[in-house]
Every structure is written in C-alpha cells, then in structure tokens.
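Results of the structural survey
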Amino acid sequence: MTLLDINGLKTYYRADDGWVRATDDASLSIERGETVGLVGESGSGKTTLAKSIIRLLPDNAEIRDGSIEFEGTEVTDLSDRELRKQIRWSEISMIPQNAMNGFDPVYTVGEQIVEVVTYHENDTSKAEARERARDLFDDLGIDPDRVDDYPHQFSGGMAQRAMIALALSLSPSLVLADEPTTALDVVIQDRILDTIKEMQTEINSAMIMVTHDMSVVSETCDRIAVVYGGRIVEIADAETIITNPRHPYTLGLRNAFPDISDDDQELISIPGTPPDLVDPGEGCRFAPRCPFAREECWKATPETESYGNGHRVKCHRADEIDYLQEEAGKKST
Ligand code: ATP
C-alpha cells in the first residue's frame, strides 16, 4: 500500500539572483516498509526533496507547487502546528547529515528524547520515555547511562546513533535518512548503516536514504531514484539501476563507483559541473554534460517514459541507450 505519494513537487529557495529551483517537478511514491535511495551529486536537490516532506526547510524556501500525500493526508495543507503534532517525528522522522546540529546543546540527549516522546504520547510518563531512550541506546550500542550526557560529550559516531534513537523512538512509518554516515569514518559508516537497517526492519518503517554514494544505495535500497538538477531523472528497482540503467547520468554515476559496475559495460564519464538552478534554461538539464545530447535535448524537457516494473526515465534517448553505449565503446577503442 502506498504510504507517501509526491506529485509534481516544486520547492524553490529565494536567492539574491532569483529563485533556486532545487526541487523541480518531482514525483515519487513510497510503499510501506520499503527503502528508496535518492542518489545524485552534491547540489542536485536530494536534501531539499527529503526536507520538503516534513517541511524542515529554511525560511527562504517555498513549496511552490505539487502535492505530498501521506497516508491520505495532504501534508502541504497542514499548518506548522498540525504538522508537528500529527506527522513530524511520530509518523515521519529525519536523521540529518550532521547529528550534532540536530540536538539542542542546552539539554541532555535523554531529555530531548523524553520531550519528543511525551509530546506525542499523552499516556507515556517521563519515566517510561526515559526507559525507552535507555533501551534504544542499548540497542544501538551506546551505554544507556549516557542518556544523561549533553550532545557535546558525544563523539560524531555516537551522536549519529543517538539521533537514530531519537528518530526511531516513536516507531515512525517513514524515516528520512540524509547522508546519515558521511560525517563518519568508513568503519563506523558500515556499522551505522547496518544498525539503521536492522532497526528499520524491527519497526517495519519505510525509509528514504539520501546519499551521493551509489554503493550505499545499491546495498541498502529496494528502489533507487536518481536526482539531477532538481529533477528525478531515473527511478527503478536497485538491480535495474545498477545493471540496466537508461539515463546517461545514471551510467556516469555508476561509473564513479567501479566496484558496483559491470565489467562488460562501456563506462561513460561525465565531466563538467551541475547546472545553475537559478537559470537552468530550456531542455534537458543534463544536456551540457551528456555525451549523447542532440538538438532536441537542448530544446525540450524530456517527458518521463515508463519501461515496465516501475522503471521510469527522463531522457530523449533512453530507447537507444544500448546502441549509444556500444558506439561510445567503439570510439574509445
Ligand atoms: P548535498 O549533498 O550537498 O546536500 P543535495 O543534492 O542534497 O546536496 P540540496 O542541498 O537540496 O542538494 O541543494 C539543492 C540546491 O539548492 C543547490 O543548488 C543548493 O545550492 C541550493 N540551496 C540549498 N539550500 C539553500 C538555501 N537555504 N538557500 C538557497 N539555496 C539553497
């Protein structure tokens, strides 16, 4: 059953030189319990899309258009208070990029978890909420007595775990994990990803995993949405995105992570920089960097075409991708 249905979402930021079209006509739906990766380079709009869902956006952001339907409720129609009371943390929670910034430095981590739990659960006492925080710490491999510590007493890895505890404390239906491990060293990264997956399975929540790392999504996600220039340019199950992508940008992204690439496939490289989202111009936003761009790509925004089993691609030349790759291979040999 569909848990979250985003349609035609546009979230823009006001900037000195105009509006930054950070999320521009994005559509995505999430089923109960599934994990969907949002992958793309830095600045492609992944965080903006994730934060729009629970409106944890900065003051200069504006949701311009589109709908975000969560279990039948139109989230964009809710007041801030309704959103806080009905959805944020209890139904949809977020593990931010840098956990330290997610905690208030003046309160202990335990107090903050107790505050969130008792705000949403009228029948839960402070003592019970504190016990839950201690149990979650234990599950996440932190000494339960450390619920009485202040955020600055935690290492980066521990703060990230404590944030996971907070994000899961109300067993939400959806967790938004925004680069949950990039600030950490590699060994801890793997352990934390495993922990997130285990806990997610335990409470049977869905998850949106935001990352620039194709190997992370290939290991942890059921489906992958590839984001470029504020748009979802390709979406499919993880296996299809890794082994049989149709968008040239996805081919290039995969190329940046050789350990997941198929040796037989021609590697496509994508030099250049992402588009200026204040004035992205007409046409496909990837055209300036695309080895296969032709005239129409510069002129018209491609429609999103379906290739079966939920595989959707926004590229004028998606039908020809195998041939184009083969030709590219011939030229490079
Ligand atoms: P990263 O991995 O670096 O977080 P991202 O793919 O998550 O990147 P966003 O952070 O969503 O991308 O940013 C999308 C675009 O919006 C970028 O061009 C970015 O510069 C711009 N942007 C983000 N936050 C703001 C803001 N508060 N004001 C203006 N522009 C912003």
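The structure we're discussing is the one just above.
Let me sum up the structure you'll find in this document. (Residues numbered from 1 in each chain as written. Predicted model: local features only at pLDDT ≥ 70, side-chain atom pairs only at ≥ 80, totals over all residues. Heavy atoms only, no water.)

Quick look at the packing of helix α6 (residues 156–168) against helix α7 (residues 186–203) now. As a packed pair, α6 and α7 sit with axes 11 Å apart at the nearest point and diverge in direction by 10°. As the angle between them shows, α6 and α7 are arranged roughly parallel. On α7, the residues touching Gly 157, Gln 160, Arg 161, Ile 164 and Leu 168 of α6 are Ile 188, Arg 191, Ile 192, Thr 195, Ile 196, Met 199 and Ile 203. Grouping the amino acids of the contact of α6 with α7 by side-chain chemistry returns 7 nonpolar, 3 polar and 2 charged. (Axes fitted to C-alpha atoms, helices over the stretch in contact; angles between N-to-C directions. Helix = DSSP H or I, 4+ residues; strand = E, 2+ residues; numbered from the N terminus. Parallel < 35°, antiparallel > 145°, perpendicular 65-115°, else oblique. Contact = heavy atoms within 4.5 Å. Nonpolar A, V, L, I, M, F, W, Y, C, P; charged D, E, K, R; others polar.)

For Glu 71, which is not glycine, the phi dihedral falls at a positive 45°. Of note, Ser 171 is a non-glycine position whose phi angle comes to about 45°, a positive value. Position of Ser 171 relative to the elements: it lies in the loop between α6 and β7 (174–178).

For the ligand, the set of nearby residues contains 16 residues, the closest of which are Ser 42, Gly 43, Lys 46, Thr 47 and Thr 48. Between the ligand and the protein, one listed contact pairs an oxygen atom with a backbone N or O atom of Gly 45 at 3.0 Å. Contact distances for the ligand include 2.7 Å between an oxygen atom and a side-chain N or O atom of Thr 47. When the ligand is considered free in solution it has 620 Å² of accessible area, and contact with the protein chains removes 67% of it. Broken down by secondary-structure element, the contributors of at least two residues to the shell around the ligand are β2 (18–31) and α1 (46–53). In terms of residues, the shell around the ligand owes the most to one element, α1, which gives 3 residues. Class assignment of the residues belonging to the shell around the ligand gives a composition of 5 nonpolar, 8 polar and 3 charged. (Near = heavy atom within 4 Å. Polar contact = N/O pair within 3.5 Å; in protein donor to acceptor, adjacent residues only side chain to side chain. Areas by Shrake-Rupley, 256 points an atom, 1.4 Å probe, with all protein chains shown as cover.)

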